[in-house]
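# A look at the structure
If you want the building blocks of each chain, they are given just below.
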Amino acid sequence: MARKNTLRYILLGLLSKKRMSGYDLRQSFQNEIGEFWQAQHSQIYPELAKMEDNGLITHAIKISGEKLEKKIYQLTPDGENALKEWIHTATDELPVNRDEFVLKLFFISDIHDPALIDIVQQQYDLHEAKRHHLVARERALFPTASDQEANYGHYLILAHAINRETEYTGWLQQVLAKITV
């Protein structure tokens, strides 16, 4: 089965919301999109060039300051159609979970292994910090029901992320209670 280029559709989706520079798109991966998908600078810019070559996006040059030129990207009608087609195509496979922590747990045989408490506690701390961050983002971005409805898909994935982190930290607390007895 051919692998689809999901980054292309993420970029199309971001550009469907507003025109953006490459820098703005990169920032989206550090903020909102970064909660569930990662992409590096080295992936984003070549993909933008391919998308432009394929007629999915165009750019205009914006002068910032006295000399700095920025490319501001926007969707073309073909880009809008490609995004709509992707959104309306069923997702018929589960995501691949590449979790180094879970992999380490798999290889720990003894409940009394001294590394166990340390790695579980570290993961608890990391996931609890992420949960607090997500809850703060939800409060900031969606303080009212009308804010939630205005960008409902974003609200749903943020609520999903909060639920995921809440469940994960709860499981880690149970593990810690069992291994510290």
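Residues numbered from 1 in each chain as written. Predicted model: local features only at pLDDT ≥ 70, side-chain atom pairs only at ≥ 80, totals over all residues. Heavy atoms only, no water.

### What to know about the overall build of the protein chain
What the protein chain contains, in helices and strands, is 8 helices and 3 strands. Each helix and strand of the protein chain, ordered N terminal to C terminal, gives the series α-β-α-α-β-β-α-α-α-α-α. Relative to the compact-globule value of 16 Å for 181 residues, the protein chain shows a C-alpha radius of gyration of 21 Å, a clear excess of over 25%. Overall, the C-alpha framework of the protein chain stretches about 65 × 45 × 40 Å when taken along its three principal axes. Of the contacts formed within the protein chain by residues at least 6 apart in sequence, a portion of 55% connects residues at least 24 apart. In the protein chain, 21 positive and 25 negative side-chain charges are present, and the distance between their average locations comes to 5 Å. (Helix = DSSP H or I, 4+ residues; strand = E, 2+ residues; numbered from the N terminus. Rg over C-alpha atoms; globule rule 2.2 N^0.38 Å. Contact = heavy atoms within 4.5 Å. Lys, Arg positive; Asp, Glu negative; His and termini not counted. Charge placed at Lys NZ, Arg CZ, Asp CG, Glu CD.)

### A look at the sheet that holds strand S1 (residues 20-21)
In any sheet, the strands associate via hydrogen bonds between backbone groups, in a parallel or an antiparallel arrangement. Pairing is antiparallel in the open sheet, where 3 strands are placed in the order S1-S3-S2. Each having just a single partner strand, S1 and strand S2 (57-64) make up the two edges of the open sheet. (Pairing = 2+ DSSP bridges.)

### Quick word on helix H8 (residues 152-179)
Each full turn of the α-helix corresponds to 3.6 residues, which orients residues three or four apart in the same direction. Here H8 spans 40 Å end to end across 28 residues, near enough to the 40 Å set by a 1.5 Å rise per residue. Looking only at H8, the buried set comprises His154, Tyr155, Leu158, Ala161, Ile162, Glu165, Tyr168, Thr169, Leu172, Leu176 and Ile179. Here the buried face of H8 lies against helix H5 (100-107), helix H6 (114-141) and helix H7 (145-150). (Expected span 1.5 Å × (residues − 1). Buried < 20%, exposed > 50% of the residue type's maximum accessible area, 1.4 Å probe, protein only.)

### Structural notes on H6
For H6, spanning 28 residues, the distance from its first C-alpha to its last is 42 Å, which sits close to the expected 40 Å at 1.5 Å a residue. Turning to H6, its buried residues are Leu116, Ile119, Val120, Gln123, Tyr124, His127, Glu128, Arg131, Leu134, Val135 and Glu138. Tucked into the core, H6 has its buried residues touching H5 and H8. Where H6 begins, one side-chain oxygen reaches toward the backbone nitrogen of Ala115, 2.8 Å away; that side chain belongs to Asp113. (Polar contact = N/O pair within 3.5 Å; in protein donor to acceptor, adjacent residues only side chain to side chain.)

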